[in-house]
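# Residue-level structure breakdown
Take a look at the letters that make up each chain.
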Amino acid sequence: MTELLTAAQMRVIEQAAIDSGEVTGLELMERAGRGVVEAIFEEWPELAEEHHGLTPDLATDWGPTPEPLEAFNAEPRPLRAVVLCGPGNNGGDGFVVARVLKERGWAVEVFLYGNAEKLPPDARVNYERWSGLGGICHPWLSTIYDNDGDLRGKLFSADLTIDAVFGTGLSRDLGSVHADVWSAFDLDTGAICRLVAVDVPSGVCSDSGETLDIDCRATGVDEGLFAFQAELTVTFHRAKLGHHIAVGPALCGKVVVKDIGLPRVPAAPGICRAIGEPLAPWLRKSSTGHKFANGHALILTGGFGKTGAARLSARGALRVGAGLVTLGVPPSAQMEMASHITAPMMTRVEGAEGLKAVLEDVRLNALCLGPGMGQERARELVPVALAAKRATVLDADALSAFSDEPEALFAQLHEQCVLTPHGGEFVRLFPDIAAKLNEVPTKGPAYSKVDATREAAKRAGCVVLFKGPDTVIADPKGRCSVNSAHYDRAAPWLATAGSGDVLAGFITGLLARGFAPMQAAETAAWLHVECALEFGPGLIAEDLPEQLPAVFRKLGV
Ligand SMILES: NC(=O)C1=CN([C@@H]2O[C@H](COP(=O)(O)OP(=O)(O)OC[C@H]3O[C@@H](n4cnc5c(N)ncnc54)[C@H](OP(=O)(O)O)[C@@H]3O)[C@@H](O)[C@H]2O)[C@@H](O)CC1
Ligand SMILES: Nc1ncnc2c1ncn2[C@@H]1O[C@H](COP(=O)(O)OP(=O)(O)O)[C@@H](O)[C@H]1O
Ligand SMILES: [K+]
């Protein structure tokens, strides 16, 4: 697992390194700027070729694009970069990038969105260093929208554009920025070729992955998405939360993390982690254990015509390694279920008394309630299941059944429980927290899905897994992790009916095997995405459990 930092955590790490005398802020800025250039050349090796920025294929004059024949005959020209620098240290990194590219023979134009006199000290030094090499345009002095050497024209014809306007210091509503800064956000940045964001695309809050909105009435600016759309984002030391949650991933393009020589992140409870590959020994079965040594899961089903979801969970629980899985079926669905199952077992669970009787078997060590269950049955059975104090997953109907009285549910939950809401279920159980999360943010750092999940887990007193492409998992003590299904782990085919039921089954199966709730939720979420990637396009929920053998084999289980 690697850390996903907030801006404040990054500042603490940076400040500690500076205070220890190991490094200066200026050295960090130099490494950051050079790291950006290195990442650019790794991403587009054609920009790094030996002729030091001279190429007839990529570079034309600053003017309009020449006709093909003209381009063919044209003399090689320097590659061209536009660097947009903001008023803080992100801008400072931009000046370093400008200098390094210029030293390699590039034609570089730098725009400063801010007042040079007010730049922070390290950024100011790099501004001065750049000033010895090239000029600086102040956007408010140039005629941005005409066709004569304007910023817009330059951006759209440059070989590379660097966004160093705002990084982790984005703190205020963009409506409060001076019109000169605003002009940078008023561009269709998605259409700019090779737009590289330094640290984070400007306008994206690095803690929440949200874009900060503006008060459109106050500014007269049209509503829109006020952030740069990067093709590549180069960040430093560790990825930030905003690279993996909310709309951040959609705006970052691709994220590369460059080492700038800072020490390892000290373990601290407030630091959130990206879930990585589980260790194979955790998932191996003991060579001597019998089936009961791997636990016995009970999955409660819905009535006639509603049993499919629980069957998906059961298949997931079995494949992930539970020794036995039993489906608890109401009488109306017994025939239906019997004709569908082979490996899972079945037992009749009619109502609260029926469940109490079944739970007298203490070998049933993990329970799953919710998938396809129906809210009425869930209201009756959830209290019995929770009173039995077994490891318990509550999903789907077992959550929605308590939307009128979430406090009544919270009073019964215990620390062996895992709640797995999707966005809609989260709103029903935690309406005030969801309202904060869904508010359009105007200030940074904005309230994030990580904040919301932590708050929900604390209130519920158990692990909460808040689903989505950015699944966030938290426990009541504040431990938190993100299962990011973005970038090379993008798994859009998981958005299919029943995939959440399989996830609930994976968690239940791992709980049956003795995993702690947080570890079960994290491991299951990671495996779930791996199964989707293993299968690829065309995936439906039934396919997910069937990929586990291949995923386990790759892990060396
Ligand atoms: N930490 C590290 O280890 C390293 C950090 N490095 C780099 O430093 C970056 C962080 O620098 P930073 O803290 O100076 O913040 P940055 O993003 O440049 O912006 C701050 C400026 O913007 C202003 N401002 C904010 N919001 C605004 C708004 N809505 N509208 C208008 N203005 C607004 C804000 O004004 P203020 O709110 O203070 O009045 C201030 O002037 C980081 O992303 C990375 O690139 C690397 O060099 C090396 C290692
Ligand atoms: N675009 C996506 N990318 C990655 N994972 C996704 C995406 N959309 C949904 N998922 C995952 O798929 C599952 C869907 O669960 P849920 O909404 O409960 O569906 P269902 O109720 O049909 O089973 C969750 O684990 C969620 O994280
Ligand atoms: K930036």
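Not measured: the values here are computed from a predicted model.

Further remarks concern the UniProt feature "domain: YjeF C-terminal" (unreviewed entry) in the protein chain. The residues that UniProt annotates with the feature "domain: YjeF C-terminal" (unreviewed entry) are residues 274-555. Secondary structure within residues 274-555 divides into 44% helix and 15% strand; the distance between the first and last C-alpha atoms comes to 18 Å.

Our focus in this paragraph is the pairing of strand E5 (residues 107-112). Of all 6 residues making up E5, 5 are buried, and the element is well covered by its neighbours. Taken together, the 6 bridges between strand E4 (residues 80-85) and E5 define a ladder with parallel strand orientation. Within E5, the position partnered with Arg80 by the bridge is Ala107. Remark: the E4/helix H4 (residues 89-103)/E5 crossover connection has right-handed handedness.

On to the sheet that holds E4. Read from one edge of the open sheet, 7 strands run E6-E5-E4-E7-E8-E9-E10, paired in parallel fashion. Looking at the sheet topology across the chains shown, the edges are occupied by strand E6 (136-137) and strand E10 (255-258). Bridge count for strand E7 (residues 160-164) against strand E8 (residues 195-198) is 3 bridges, and the pairing is parallel. Along E8, the bridge assignment pairs Asp163 with Ala197. Sitting on the sheet, helix H2 (residues 25-43) is in contact with E7, E8, strand E9 (232-236) and E10, with an inclination near 145° to E9.

As a matter of local geometry, ligand 1 sits amid 31 residues, with Glu14, Gly88, Asn89, Gly167 and Gly169 nearest to it. Contributing elements (two or more residues each) for the shell around ligand 1: helix H1 (7-19), H2 and H4. At 5 residues, the largest contribution of residues to the shell around ligand 1 is made by H4. A class-by-class count of the residues in the shell around ligand 1 yields 14 nonpolar, 11 polar and 6 charged.

Let us now look at the nonpolar core. Judged by nonpolar contacts, the single largest core of 157 residues is most densely connected at Val83, Leu369 and Ile507. Discounting chain neighbours no more than four positions away, the residues touching Ile507 are Val393, Val418, Thr420, Ala520, Ala521 and Ala524.

It is worth spelling out the environment of Ser171 at this point. For Ser171, the position within the fold is in the loop between E7 and helix H7 (179-185). When the 14 C-beta atoms within 10 Å are taken as the criterion, Ser171 is described as partly exposed. Put simply, Ser171 and Ala520 are 349 residues apart on the chain and 36 Å apart in space, counted from C-alpha to C-alpha. Residues contacting Ser171, with those up to four places away along its chain left out, are Lys443 and Gly444.

Thresholds, definitions, all that
Residues numbered from 1 in each chain as written. Chains lettered and ligands numbered in written order. Predicted model: local features only at pLDDT ≥ 70, side-chain atom pairs only at ≥ 80, totals over all residues. UniProt positions renumbered as here; feature names shortened; annotations may be inferred. Helix = DSSP H or I, 4+ residues; strand = E, 2+ residues; numbered from the N terminus. Buried ≥ 20, exposed ≤ 12 C-beta atoms within 10 Å, placed from the backbone. Pairing = 2+ DSSP bridges. Right-handed = clockwise from strand over helix to strand, strands pointing away. Contact = placed C-beta atoms within 7 Å. Axes fitted to C-alpha atoms, helices over the stretch in contact; angles between N-to-C directions. Near = placed C-beta within 6 Å. Nonpolar A, V, L, I, M, F, W, Y, C, P; charged D, E, K, R; others polar. Core = buried A, V, L, I, M, F, W, Y, C linked by C-beta atoms within 7 Å.

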